[in-house]
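# Understanding the architecture of this molecule
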Amino acid sequence: MSGALKDAIRVERPAKTLRELALDKVREAIVNGYFRPGDRLVERDLCAQLGVSRTVVREVLRHLESEGLVANLPNKGPIVAQLDIDEAKQIYEIRGALEGMAARLCAERRSPEIVAALEESLAGIRNSYRDNDMSAVLTNTSSFYHTLFTMVDRNVAWGVVNLLTVRINHLRSMTIKTERRGIEGPLQMSKIVDAIRLGDGEGAYRAAMDHVAAASAIAEAVLSAKKPAD
């Protein structure tokens, strides 16, 4: 059999497995609010909605439970996890410490390439807000922070942030929709970039901390409003 014929009949492996595709869809549905905190996740319904087997759905739900997006309650089954105020505070504390460090290091590096990459992501965030494309806001925001960490070789810290990315994005998906966040958020991030451009490590650190503190306050207010009365 010729090489050309072998290539013609070769079965190409898809970039993602069916399980991975289903996981992406359910995670996105939770982060974007299609499934809301407290909603039951019924296996039969998910099978029909996703067009996959119950085995795949169970694997997806177990994975999302490990990420903290799904909770498995006795006598009720899997639900979208309720966001906890104390947990949110801890996430923002970790964000502040790591992002402040990364911003300071970026400023000390005095690299035009870092500034250019951050400005590109920031422009994407502004354009996405203008187009009311919240999914793109999240994507460009993740790109901004990926640059902040990886271009100063803080890959371990970025790995820690990645472990929290899903929960962070769940919080971001709420805070970015609040009034004036589309103006104030990019403005706060531009102060980080300005300080980095000037080589002002302390200024970059403070700007990053201020941005995280503002997001934390918004998230706390949103979660408090959603918390049922005792």
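Residue positions are given per chain, counting from 1 as you read along its sequence in written order. It should be noted that, the model being predicted, local features are given only for residues of pLDDT at least 70 and side-chain atom pairs only at 80 or more, the latter also being counted only at that level, while totals for whole chains, interfaces and linings use all residues. Side-chain metrics in this entry use all non-hydrogen atoms of the structure; hydrogen atoms and water are not considered.

### Structural notes on the overall build of the protein
Scanning the protein from N- to C-terminus turns up 10 helices and 2 strands. To qualify as a helix, a DSSP run of H or I must reach at least 4 residues; to qualify as a strand, a run of E must reach at least 2; elements of each kind are numbered from the N terminus. In the protein, the succession of α and β elements from N to C terminus is α-α-α-α-β-β-α-α-α-α-α-α. With respect to the three principal axes, the spread of C-alpha positions in the protein is 70 × 55 × 35 Å. Contacts: residue pairs with any heavy atoms within 4.5 Å of one another. The contacts of the protein with a sequence gap of at least 6 include a subset with a gap of at least 24, amounting to 74%.

### A few points about the nonpolar core
Here, the term nonpolar core denotes a set of buried Ala, Val, Leu, Ile, Met, Phe, Trp, Tyr and Cys residues that are joined through side-chain atoms within 4.5 Å. Each residue is assigned to one of three classes by its accessible area relative to the maximum for its type, calculated with a 1.4 Å probe on protein chains only: buried under 20%, partly exposed between the two thresholds, exposed over 50%. Core analysis: the largest hydrophobic core is formed by 46 residues, its most contacted members being Leu118, Leu148, Phe149, Leu171 and Ile196. Listed by contribution, the elements that provide at least two residues to this core are helix H5 (85–109), helix H6 (112–130), helix H7 (134–150), helix H8 (155–175), helix H9 (181–198) and helix H10 (201–226). Contact partners of Leu171, with chain neighbours within four places excluded, come to Leu83, Ala88, Ile91, Tyr92, Ala219 and Leu223. Among the nonpolar cores identified, the runner-up in size contains 19 residues, and Leu23, Val57, Val60 and Leu61 belong to it.

### Some words on unusual backbone geometry
For residues besides glycine, phi is generally negative; the peptide bonds are generally trans as well. Of note, the phi angle at Arg110 is positive, near 50°, even though the residue is not glycine. Inspection of the secondary structure puts Arg110 in the loop between H5 and H6. The phi dihedral of Asn132 falls on the positive side, at around 55°, and the residue is not glycine.

### Some words on the packing of H7 against H8
Note on definitions: angles span 0 to 180 degrees between N-to-C directions of axes, and those axes are lines fitted to C-alpha atoms, for helices only across the stretch in contact. At a minimum axis distance of 11 Å, the contact between H7 and H8 shows a crossing angle of 160°. Put simply, H7 runs roughly antiparallel to H8. Between H7 and H8 the crossing geometry is right-handed. Contacts between H7 and H8 involve Leu138, Thr141, Ser142, Tyr145, His146, Phe149 and Thr150 from the first element and Asn155, Ala157, Trp158, Val161, Asn169, Arg172 and Ser173 from the second. For the contact of H7 with H8, the per-class residue count stands at 6 nonpolar, 7 polar and 1 charged. To sort the angles, those under 35 degrees are grouped as roughly parallel, those over 145 as roughly antiparallel, those from 65 to 115 as roughly perpendicular, and the leftovers as oblique. Handedness of a helix crossing follows the sense of rotation of the near helix relative to the far helix, less than a right angle counterclockwise being left-handed and clockwise being right-handed. When residue character is reported, Ala, Val, Leu, Ile, Met, Phe, Trp, Tyr, Cys and Pro are called nonpolar, Asp, Glu, Lys and Arg charged, and the others, Gly included, polar.

### Considerations on the pattern of salt bridges
A pairing counts as a salt bridge when a side-chain nitrogen of Lys or Arg comes within 4 Å of a carboxyl oxygen of Asp or Glu. Considering all chains together, one arrives at 14 salt bridges under this definition. Where Arg54 meets Glu43, a salt bridge forms, and the shortest distance between an N and an O atom there is 3.5 Å. A residue pair is termed long-range when its members are at least 10 positions apart, and Arg54 in helix H4 (residues 54–66) and Glu43 in helix H3 (residues 43–50) qualify at 11 residues. Judged by its relative accessible area of 38%, Arg54 falls in the partly exposed class. A single salt-bridge network, built from bridges that share partners, covers Asp24, Arg27 and Glu67.

### Quick look at the pairing of strand E2 (residues 77–80)
Regular strands have side chains that alternate between both faces of the sheet. Bridging between strand E1 (residues 70–73) and E2 involves 4 bridges; their strand directions are antiparallel. Opposite Asn72, over in E2, you have Pro78 as the bridge partner. Adjacent in sequence and paired antiparallel, E1 and E2 are bridged by 3 residues, among which Asn75 carries a positive phi angle near 65°. Between any two strands, pairing holds if DSSP finds at least two bridges.

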